[in-house]
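# Descriptive structure summary
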Amino acid sequence: MPARLDLTQGDITTLAVDAIVNAANSTLLGGGGVDGAIHRAAGPELLAECRTLGGCATGEAKITAGYRLQARHVIHTVGPVWSGGRDDDPALAACYRNSLRLAAANDCRSIAFPCISTGVYRFPFERACRIALATVKAECVRLPAIERVVFVCFGQSDFEAFERIMAESNA
Ligand code: APR
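So, a few notes on the structure that sits alongside this text. (Residues numbered from 1 in each chain as written. Predicted model: local features only at pLDDT ≥ 70, side-chain atom pairs only at ≥ 80, totals over all residues. Heavy atoms only, no water.)

## Quick look at the site of the ligand
How we decide: Here a residue is near a molecule or strand as soon as one of its heavy atoms is found within 4 Å of it. For the purposes of these results, a polar contact is taken to be a pair of N or O atoms within 3.5 Å, where, inside protein, one atom must be able to donate a hydrogen and its partner to accept one; residues adjacent in sequence count only when each atom of the pair is a side-chain atom. Using protein atoms alone on a 1 Å grid, points that fit a 1.4 Å probe yet trap it form a cavity, whereas open point sets bounded by protein on both sides within 12 Å along at least five of seven lines form a pocket; residues with an atom within 4 Å of a point count as lining. Should more than half of a molecule's atoms lie within 2 Å of a pocket's or cavity's grid points, that molecule is taken to sit in it. Numbering goes from the N terminus for both helices and strands, where a helix is a DSSP run of H or I of at least four residues and a strand is a run of E of at least two. Each residue is assigned to one class: nonpolar for Ala, Val, Leu, Ile, Met, Phe, Trp, Tyr, Cys and Pro, charged for Asp, Glu, Lys and Arg, and polar for all the others, Gly among them.
What surrounds the ligand is a group of 20 residues, the closest being N25, G32, D35, T118 and G119. Taking T118, its side chain carries an N or O atom lying 2.7 Å from an oxygen atom of the ligand. One nitrogen or oxygen atom from the main chain of V120 is found 2.9 Å from an oxygen atom belonging to the ligand. Taking a 2 Å distance to the grid points as the criterion, the majority of the atoms of the ligand fall inside the largest pocket. Those elements that provide at least two residues to the shell around the ligand are strand 2 (19–24) and helix 1 (33–42). Here the element with the most residues in the shell around the ligand is helix 1; it accounts for 4 residues. The residue inventory of the shell around the ligand, partitioned by class, reads 9 nonpolar, 9 polar and 2 charged.

Right under this line is the structure:
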């Protein structure tokens, strides 16, 4: 049974799923945007665990506990900084793929993603949505343990754009 794909608007830190994904940087030591929000909501223990991980390369993913979050785990992935070069798209796809694999390997059945790289890292939003959707759909076929994937858009206009792209991809 393929995973159910849901789309929601709001703050990813409030979601009761097995794992939420963090759009981190390669230090894994915190930042602004969704990274800052996750660290604030999880509490200082999250940063302490992140310090033990030795950073993370672009496209890769690492897992920690969720501490004060409702989510049991945080999966930290590092999206590409948009350059317009040929490596951008595969690096973003790798974030989604590696996060899903790590979730499945840690007995997570539900996972929520923010729109990785579409903030400070300036990846064009609609292009990023298409990559996110296609990658998650393809990977979930291989990972039957994943039952539910939630895409989280922070703003209303992002939500509407993602909704339209999801409808197009189902048509
Ligand atoms: N919940 C869900 N989505 C959020 C939240 C939140 N609380 N806060 C921001 N977002 C959205 C943004 O609107 C954007 O669409 O997350 C998406 C990713 O934006 P950024 O957080 O800026 O992440 P990214 O573009 O991947 O840049 C990563 O930003 O904060 C730093 O440490 C982080 O250096 C890294 C860089």
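Past the structure itself, the notes keep going.
## Remarks on the pairing of strand 4 (residues 73–78)
Cut-off, in case you're wondering: Summary of the burial criterion: residues with accessible area below 20% of their type's maximum are buried, those above 50% are exposed, and those between are partly exposed, where the area comes from a 1.4 Å probe applied to protein chains only. When DSSP locates at least two bridges between a pair of strands, those strands are taken to pair.
When you tally the buried positions in strand 4, you get 6 out of 6 residues, the bulk of the element. Judged by which residues are buried, strand 4 turns out to be covered on both faces: H73, I75 and T77 on one side and V74, H76 and V78 on the other are all buried. Taken together, the 6 bridges between strand 2 and strand 4 define a ladder with parallel strand orientation. Within the sheet, the bridge partner assigned to A19 lies in strand 4 and is H73. Sheet analysis places strand 3 (residues 61–65) next to strand 4, joined by 5 bridges and oriented antiparallel. Pairing of K62 across the sheet is with H76, part of strand 4.

## Overview of the environment of I116
Worth spelling out the cut-off: For this analysis, residues touch if any pair of their heavy atoms sits within 4.5 Å.
Assignment of secondary structure puts I116 in the loop between strand 5 (110–113) and helix 4 (125–142). On the basis of relative accessibility, which here comes to 1%, the residue I116 falls in the buried class. Sequence separation of I116 and G155 is 39 residues, and the distance between their C-alpha atoms is 14 Å. Ignoring anything within four residues of it in the chain, the contact list for I116 reads V21, A23, T77, G79, L92, C95, Y96 and A128.

## Re the environment of T13
Position of T13 among the secondary structure elements: in the loop between strand 1 (4–9) and strand 2. Taking relative accessible area as the criterion, T13 reaches 12% and is therefore assigned buried. In sequence terms T13 and A48 are 35 residues apart; their C-alpha atoms lie 18 Å from each other. Among all residues touching T13, those that are not within four sequence positions of it are I20, A37, I38, A41 and L69. At 2.9 Å, the side chain of T13 forms a polar contact with the side chain of D11.

## Re the pattern of salt bridges
Keep this limit in mind: Only one rule defines a salt bridge in this text: a Lys or Arg side-chain nitrogen within 4 Å of an Asp or Glu carboxyl oxygen.
Throughout the structure, instances matching the rule amount to 10 salt bridges. We note a salt bridge from R4 to D6, for which the minimum N-O separation is 2.9 Å. A salt bridge links E168 to R130; its shortest N-O distance comes to 3.4 Å. Taken together, the residues E168 in helix 5 (residues 156–170) and R130 in helix 4 connect sequence positions 38 residues apart.

## A short note on the nonpolar core
The test is simple: Buried Ala, Val, Leu, Ile, Met, Phe, Trp, Tyr and Cys residues form a nonpolar core when they are joined through side-chain atoms within 4.5 Å.
Ranked by internal contacts, the top residues of the largest apolar core, which has 37 residues, are L100, I111, F113, I146, V149, F151 and F162. For this core, the elements supplying multiple residues, two or more each, are strand 2, helix 3 (88–105), strand 5, helix 4, strand 6 (148–153) and helix 5. In terms of residues, this core owes the most to one element, helix 4, which gives 8 residues. Non-local contacts of F113, meaning those with residues more than four positions away in its chain, are made with I12, V21, Y96, S99, L100, V136, V149, V150, F151 and V152. Counting residues in hydrophobic clusters, the runner-up holds 17 residues, among them I20, A71, A112 and V152.

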